[in-house]
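Fold and geometry: a report
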Amino acid sequence: MYMHDIWRAAAAATLALFGFACDAAPSKDMLFGFGADASAEDLRKVDIDVRSDGIGLPKGAGTHAQGRILYETKCKSCHSDIAKNDVPWMPAWVGSEPGSISGHYPYATTLFDYIRRAMPMDRPGSLTDDEVYSALAFILGEGGVFEKSAELNAQTILKVKMPNEKNFVPQWPPQKLPQQHERKSAR
Amino acid sequence: MRACVQPFVEISYQETDVMAKYRSVGDEISSRRAVATASSFRDENGLPAVNSEQCECKDGLHPSRDRRRFLAAGASAMTTGAATLLSGSALAAPPPGAKEYPVPVDPTKEPGLPTEFADGYGLRSQFETEARWRFPTPTVQFSWSHTPLQNSRGTITPSGLHYVVNRAGTPVIDPQRHRFTVHGMVKHAKVYTMKDLMRFPSVTRTHFLECAGNTFMSIPDKPMLPDASVQVTHGLTSNSEWTGVKLSTILREVGVEEGAGWVLAEGSDAAVMTRSVPLQKCWDDAMLAYAQNGEALRPEQGYPLRLIVPGWEGNINVKWLRRLKIGDKPWYTRMETKWYDNPMPGGKDYLFVFEMAAKSVITFPSGEMRLPMPGFYEVTGLAWSGAGAISQVNVSTDGGKTWAAAELTKPVLSKSHTRFTFPWAWDGKPAVLMSRCKDVTGQVQPTRAALIAKRGQLSSNHWNAISAWAVNEDGSVKNVHA
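Notes on the structure follow. All of these numbers come straight from a predicted model, not from anything done at the bench.

**Let's talk about the overall build of chain A**
Each helix and strand counted, chain A has 6 helices and 4 strands in total. With 187 residues in all, chain A has 40% of them scored as buried. Here the analysis covers contacts within chain A between residues at least 6 apart in sequence; of these, 63% occur between residues at least 24 apart. Split by element, the accessible area of chain A, about 11,100 Å² in all, is 58% carbon and sulfur.

In structure tokens form, the structure reads like this:
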């Protein structure tokens, strides 16, 4: 039958098409396309990191005086009264000695990033950006690395020179890589 | 009103400070130390009993476990003649992960427990008490807990005994609500559900993890804790079979842009912990693990998703992974500039020291143990290297004067714990046991002196020197420097 043959040919063609698709064995190196494209809103919720060159710093500002008040209310219960330095586990925390915050860290941006994401320990991530700038202005001011009268913000924080920065020596990349890996190298 | 959290812990790398801060730990260990009692090595019926209940620090067993058996022995004496030696009430709470059942005099004369007595998820024997030991930091959220290596067998660490280091406690995460985001210098920023990730081709690989600070208490010239067990000295390393997606699979999906060189890995815990990972390693062998030893990750191991960076320091294997951001430079996060930096003699401070060096330790006999009598013992331990597979382990019983090859338990896997064994006949005289390993790249575990010459004693991290156990004439085993 004429019509019958047409349908058979169409069916055969379809089969050939699908058969071809099935013959191309799926590979572990193919692209799969699982997951959803990240929206700006998706990223806004989690993109909180601040880099040592200042990328990621938010707007906002704070001063040593504001930070002192904040320290009294939200930090002191764990980090001790700095005048007394009465928490033995936190020696020289807010000073300028080696091992203190101002005496150790290479970049003030690291402190902004960490305080914002993880402090205070009983209510992590609860500080506003202004409060984080304030707390850091207080810490750096007490450490003698930032003017107590100045305002700490996304611009001034990059001018903070940490005295210990020169002593840090990155060990990556190693001088002699054991082997250069190709992008698709399997083990 | 919100309860005040306890002070945060900061470890200074001044050696003397560390010693002072952790003196309390030494006191705790000392008080736990069992006092040896004379033993005839015969039980009350005159039968040979090397594992006599009379000796608290006997052959290979941890005092805490033996103490419990002591209790059991006392209870059995009181109930002689009864059909059941012990009732649940005769003992204190059962060990974690176990339930207390009556013990029949003769298990062949009574029906056993129902086949599914544990509601479908097995319990361990009520006589097994191995447990992690938490370092007594002032906060229970920021703390670390050691694997009991002294009674470890084979190479796989049971998931429930895998060491833990937490910055802000273990978060409770619903996998249905967990999202994993990859963005930054990529062509297609993506958000994945756990189900999405599980659709990708999977890999299963066995790898050790080791905290960079493992064995830090052995760095000072005098062992900080001479009575410590190997759990205390070396227990921040464990070994698991991990299953997940190769990170390179995901990197291909998102399309990494030219010029990228680093990846920020971020956890979903209360510390929202971050580390910068070189992109090269991510292409090479890093993986996104959702399973450990055949089942989903344990909560304290990063459930539902963690980064596995084979052979690299534990902290970079970020748990509760919620985000990767691709960038061109490292971030200098708190973890990499404060906790996992490596202060050197002369004032320099090395950053981004990732790979765990070749290291081994004898797990039997080891600290807190006591050899009951001269005779044959199988010395055994673990060796591992972040650079590849272990190729050789040597053992010395004379403090490093002479060395002999130990046998490696096969298969020997890359960047994985390797079990070694060594037959030893103890003559009853003082002996000093040591092990040293070599890996396939030719790296040899250094002596204390060589390692100190290379890196000093300021850094608490990446200490991989040969360690020694002294066996005294009375059979007691101590942590010594040799």
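**Remarks on the pattern of salt bridges**
Within the structure shown, the criterion is met by 30 salt bridges over all chains. Here Arg117 of chain A ties to Asp113 of chain A by a salt bridge, and the two come within 2.8 Å at their closest N and O atoms. Of this pair, Arg117 of chain A and Asp113 of chain A both sit in helix α5 (residues 108-118), 4 residues apart, roughly one helical turn. With respect to burial, Arg117 of chain A and Asp113 of chain A carry one shared label: buried. For Glu266 of chain B, the salt bridge identified is with Arg323 of chain B, shortest N-O distance 2.9 Å. Taken together, the residues span a long stretch of sequence, with Glu266 of chain B in strand β10 (residues 262-267) and Arg323 of chain B in strand β15 (residues 321-327) at a distance of 57 residues. The exposure class of Arg323 of chain B is buried, given its relative accessible area of 1%. Each of Asp47, Asp49, Asp113 and Arg117 of chain A together with Glu266, Arg322, Arg323 and Lys325 of chain B takes part in a single network of salt bridges with overlapping partners.

**Some thoughts on the pairing of strand β12 (residues 287-292) of chain B**
Residues and elements named next belong to chain B. Of all 6 residues that make up β12, 6 are buried, and the element is covered over most of its length. In this sheet, β12 lies alongside strand β9 (residues 237-246) in antiparallel orientation, the contact comprising 5 bridges. Bridge pairing in β12 places Lys246 opposite Met287. Bridge count for β12 against strand β14 (residues 306-308) is 3 bridges, and the pairing is antiparallel. Opposite Leu288, over in β14, you have Leu307 as the bridge partner. Bridge count between β12 and strand β13 (residues 295-296): 2 bridges; the pairing is antiparallel. By the bridge assignment for β13, Ala291 is matched with Ala296. The hairpin formed by β12 and β13 contains 2 residues between the paired strands, and Asn293 there has a positive phi angle of roughly 50°.

**Notes on the pairing of strand β23 (residues 418-426) of chain B**
Residues and elements named next belong to chain B. Burial runs high along β23: 7 of the 9 residues are buried. Bridge count for strand β22 (residues 407-408) against β23 is 2 bridges, and the pairing is antiparallel. Directly across from Glu407, in β23, lies its bridge partner Thr421.

**A look at the interface of chain A and chain B**
Contacts between the two partners involve 57 residues from chain A and, on the opposite side, 70 residues from chain B. Of the roughly 5,900 Å² buried where chain A meets chain B, counting both sides, 58% is carbon and sulfur surface. On the surface where chain A and chain B come into contact, there are 8 salt bridges. Between Arg323 of chain B and Asp47 of chain A there is a salt bridge whose closest N-O contact spans 3.2 Å. If you look at where chain A meets chain B, you find 26 residue pairs in polar contact (both at pLDDT 80 or more). Secondary-structure elements contributing two or more residues to the side of chain A that touches chain B are β1 (36-37), α2 (40-46), α3 (64-79), α5 and β4 (168-170) of chain A. The element contributing the most residues to the side of chain A that touches chain B is α5 of chain A, with 5 residues. In the side of chain A that touches chain B, the residues fall into 28 nonpolar, 13 polar and 16 charged.

**Some thoughts on the side chain of Thr333 of chain B**
With respect to the helices and strands, the residue Thr333 of chain B is situated in the loop between β15 and α8 (334-339). In this structure the side chain of Thr333 of chain B is engaged in a polar contact, spanning 3.0 Å, whose partner is the backbone oxygen of Thr274 of chain B. Filtering out sequence-adjacent residues up to four positions away, Thr333 of chain B remains in contact with Thr110 of chain A together with Leu264, Thr274, Arg275 and Ser276 of chain B.

**With respect to unusual backbone geometry**
Negative phi characterises most residues that are not glycine, and trans characterises most peptide bonds. Residue and element names in this part refer to chain B. Here the bond from Tyr303 into Pro304 is cis, since omega is 5°, no more than 30 degrees from zero. By the secondary structure assignment, Pro304 is in the loop between β13 and β14. With an omega dihedral of -10°, the bond running from Phe364 to Pro365 counts as a cis peptide bond. Checked against the element boundaries, Pro365 lands in the loop between β18 (359-364) and β19 (375-384). The phi dihedral of Thr215 is positive, around 75°, even though this residue is not glycine. Counting through the fold element by element, Thr215 comes out in the loop between β8 (203-210) and α5 (230-234). The class of Thr215 is buried, set by a relative accessible area of 4%. Phi at His462 is positive, roughly 60°, even though this residue is not glycine. Relative to the elements of secondary structure, His462 occurs in the loop between α9 (448-455) and β25 (468-471). Owing to a relative accessible area of 12%, His462 belongs among the buried residues under this scheme.

**Regarding helix α6 (residues 129-142) of chain A**
All names here are of chain A. For α6, with 14 residues, the first-to-last C-alpha span of 20 Å sits near the 20 Å given by 1.5 Å per residue. The element α6 is extensively covered by neighbouring structure, given that 11 of its 14 residues are classed as buried. Of the residues making up α6, those classed as buried are Glu131, Val132, Tyr133, Ser134, Ala135, Leu136, Ala137, Phe138, Ile139, Leu140 and Gly141. Looking at the buried positions of α6, the neighbouring elements they touch are β2 (61-63), α3, α4 (101-104), α5 and β3 (151-153). One or two positions beyond α6, positive phi appears at Gly144, with a value near 75°.

Cut-offs used in this document
Residues numbered from 1 in each chain as written. Chains lettered and ligands numbered in written order. Predicted model: local features only at pLDDT ≥ 70, side-chain atom pairs only at ≥ 80, totals over all residues. Heavy atoms only, no water. Helix = DSSP H or I, 4+ residues; strand = E, 2+ residues; numbered from the N terminus. Buried < 20%, exposed > 50% of the residue type's maximum accessible area, 1.4 Å probe, protein only. Contact = heavy atoms within 4.5 Å. Areas by Shrake-Rupley, 256 points an atom, 1.4 Å probe, with all protein chains shown as cover. Salt bridge = Lys/Arg side-chain N within 4 Å of Asp/Glu carboxyl O. Pairing = 2+ DSSP bridges. Buried area = accessible area lost by both parts, 1.4 Å probe. Polar contact = N/O pair within 3.5 Å; in protein donor to acceptor, adjacent residues only side chain to side chain. Nonpolar A, V, L, I, M, F, W, Y, C, P; charged D, E, K, R; others polar. Expected span 1.5 Å × (residues − 1).

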